[in-house]
Amino acid sequence: MEFNKAQNIIGLRVLSDNVIWVWEKDKSVVVIDPSVHEPVIRYIDENNLHLEAILQTHHHSDHIGGTKYLIERWPNVKVIASSKEKTRIPFQNVSVEDGETLNILGEEVKIIEVLGHTSSHIAFFLNGKIPVLFIGDTLFSGGCGRIFEGTYKQMYSSLKKIKSLPKNTLIYCAHEYTKANLLWALTLKPKDQDIKTKLLQVEKKLSINELTIPFLLDEEIKINLFLRAKNLKEFTFLRENKDSWV
Ligand code: ZN
Ligand code: FE
């Protein structure tokens, strides 16, 4: 469990490598992509909190699986999801679009569409003192999401959108994939000192059972080959190479 003191964001590790982010403020909480419900309910009950909203980045079951049970327990909870996903995220009651801004827990939250992993994936951006991005399965530390429904071009431009955010943005993704991603990156860039150093840091964190997420955009740009790709061709090569890596 990792704690961001500035924002009160806690990661609950579930399933094999998912992380459910719990953003807490004044006894209210917002959860991002609850793949399962039990650890979320336990955390909220143990800390005497109230569930205010659920943010959904996309429709995959390891992101929405717990939502209907959380709605049973908190019937007035806001479920915020892309207006393009009314069928695949049917329990949404706040439907949002690219560029829209919402007020959540007293903070301004901007919706950024980041297509590629799915045809409607969105991210949630909090432009506070320490900017925060809940990115779902679009970017991982050292990697990016698989392209299931979108095109390489869409994913490449989604990564460009992320790169244009403030450099001190803390990025919260939905899977702890960092180590495997870095091992893959080193197969292509075996002498890359930045990646090697990052791998050592990551191994240290994992050995004491800490998450390697969130990660800082500024640092990620140095070690993530997908963010470093200079053009669509290079990005496409990397994505195909990663897809065939065991
Ligand atoms: Zn997914
Ligand atoms: Fe996922």
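Along each chain, the written sequence defines residue order, and numbers are assigned to residues from 1. Chain letters and ligand numbers both follow the written order, the letters beginning at A and the numbers at 1. The predicted origin of the model limits local features to residues at a pLDDT of at least 70 and limits the giving and counting of side-chain atom pairs to 80 or more, whereas totals for whole chains, interfaces and linings rest on all residues.

Numbering of helices and strands runs from the N terminus; a helix is a DSSP stretch of H or I covering at least four residues, while a strand is a stretch of E covering at least two. Along the backbone of the protein chain there are nine helices and 15 strands. As defined in this context, the radius of gyration uses C-alpha atoms, and a globule is described by 2.2 Å times the residue total to the power 0.38. The C-alpha atoms of the protein chain give a radius of gyration of 17 Å, which matches the 18 Å a tight globule of 246 residues would have. If you line up the protein chain on its principal axes, its C-alpha atoms span 50 × 40 × 35 Å. Within the protein chain, the fraction of its 246 residues that count as buried is 46%. Placing C-beta atoms from the backbone, we regard two residues as in contact once those atoms come within 7 Å. Sequence separation of at least 24 residues holds for 57% of the intrachain contacts in the protein chain that already meet a minimum separation of 6. Exposure classification rests on a simple neighbour count of other C-beta atoms within 10 Å of a residue's own: a residue reaching 20 or more is buried, one at 12 or fewer is exposed, and one in between is partly exposed. C-beta atoms are placed from the backbone.

What follows concerns the environment of I112. Inspection of the secondary structure puts I112 in strand β9 (residues 107-113). I112 sits 49 residues away from K161 along the chain, and the two C-alpha atoms are 8.4 Å apart. Apart from the residues within four sequence positions on either side, I112 is in contact with D98, I122, A123, F125 and K161.

A few words on the nonpolar core. With 66 residues, the main nonpolar core has W21, V31, A123, F134, I135 and Y172 as its most contacted residues. Filtering out sequence-adjacent residues up to four positions away, V31 remains in contact with I20, W21, V22, V40, L51 and I54. Note on terminology: a nonpolar core is a set of buried residues of type Ala, Val, Leu, Ile, Met, Phe, Trp, Tyr or Cys, with members joined through C-beta atoms within 7 Å.

What follows deals with the pairing of strand β5 (residues 50-55). Counting buried residues along β5, five of its six residues qualify, which places the element largely inside the surrounding structure. By the bridge criterion, three bridges tie β5 to strand β6 (residues 78-82) in an arrangement that is parallel. Bridged to A53 within β6 is K78. We call two strands paired when DSSP finds no fewer than two bridges between them.

As a further point, take the sheet that holds strand β11 (residues 132-136). Strand order in the open sheet made by the six strands is β8-β9-β10-β11-β14-β15, with mixed pairing throughout. Strands with a single pairing partner mark the edges of an open sheet, and in this sheet they are β8 (101-104) and β15 (215-216). With four bridges joining them, β11 and strand β14 (residues 170-173) adopt parallel strand pairing. Residue F134 lies in a different strand from β14, and its bridge partner there is Y172.

Here we take up helix α9 (residues 232-243). Expected helix span is computed as 1.5 Å times (number of residues minus one). Taking 1.5 Å of rise per residue, twelve residues should cover 16 Å, and α9 covers 16 Å from first to last C-alpha, within 8% of that figure. In the core, the buried residues of α9 are packed alongside α4 (152-163) and α8 (225-228).

For the rest of this paragraph, the subject is the packing of helix α5 (residues 178-188) against helix α6 (residues 193-207). Across the interface, α5 lies against α6 with an axial gap of 10 Å and an inter-helix angle of 155°. Here α5 is positioned roughly antiparallel relative to α6, judged by the angle of their axes. Pair α5 / α6 crosses with left-handed handedness. On α6, the residues that touch T178, K179, L182, A185 and L186 of α5 are I195, K198, L199, V202, E203 and L206. Nonpolar residues are Ala, Val, Leu, Ile, Met, Phe, Trp, Tyr, Cys and Pro. Charged residues are Asp, Glu, Lys and Arg, and all others, Gly as well, are polar. In terms of residue class, the contact of α5 with α6 is made up of seven nonpolar, one polar and three charged. Interaxial angle, 0 to 180 degrees, is taken between N-to-C directions of lines fitted to C-alpha atoms, where a helix line uses only the stretch in contact. If an angle is under 35 degrees, it is roughly parallel; if it is over 145, roughly antiparallel; if it lies from 65 to 115, roughly perpendicular; otherwise it is oblique. Crossing handedness is read from the near helix: turned anticlockwise from the far helix by less than a right angle, it gives a left-handed crossing, and turned clockwise, a right-handed one.

For α4, which comprises twelve residues, the first-to-last C-alpha distance of 17 Å matches the rise-based estimate of 16 Å (1.5 Å per residue) to within 8%. Here α4 has its buried residues at M155, Y156, S158, L159 and I162. Seen end-on, α4 carries its buried residues on one side only, within an arc spanning 155°. It is the directions from the helix axis to the C-beta atoms that the arc portrays.

To continue, consider the environment of S82. By the secondary structure assignment, S82 is in strand β6. With 75 residues separating them in the primary sequence, S82 and S157 have C-alpha atoms 19 Å apart. Those residues in contact with S82, other than ones at most four positions away along the chain, are V96, S120 and I122.

Relative orientation of the contacting elements α4 and α9 amounts to 105°, with a least axis distance of 10 Å. When the interaxial angle is binned, α4 and α9 end up roughly perpendicular. Residues Y152, K153 and Y156 of α4 form the contact with α9, whose own contacting residues are L232, F235, T236 and R239. Its residues assigned to classes, the contact of α4 with α9 shows four nonpolar, one polar and two charged.

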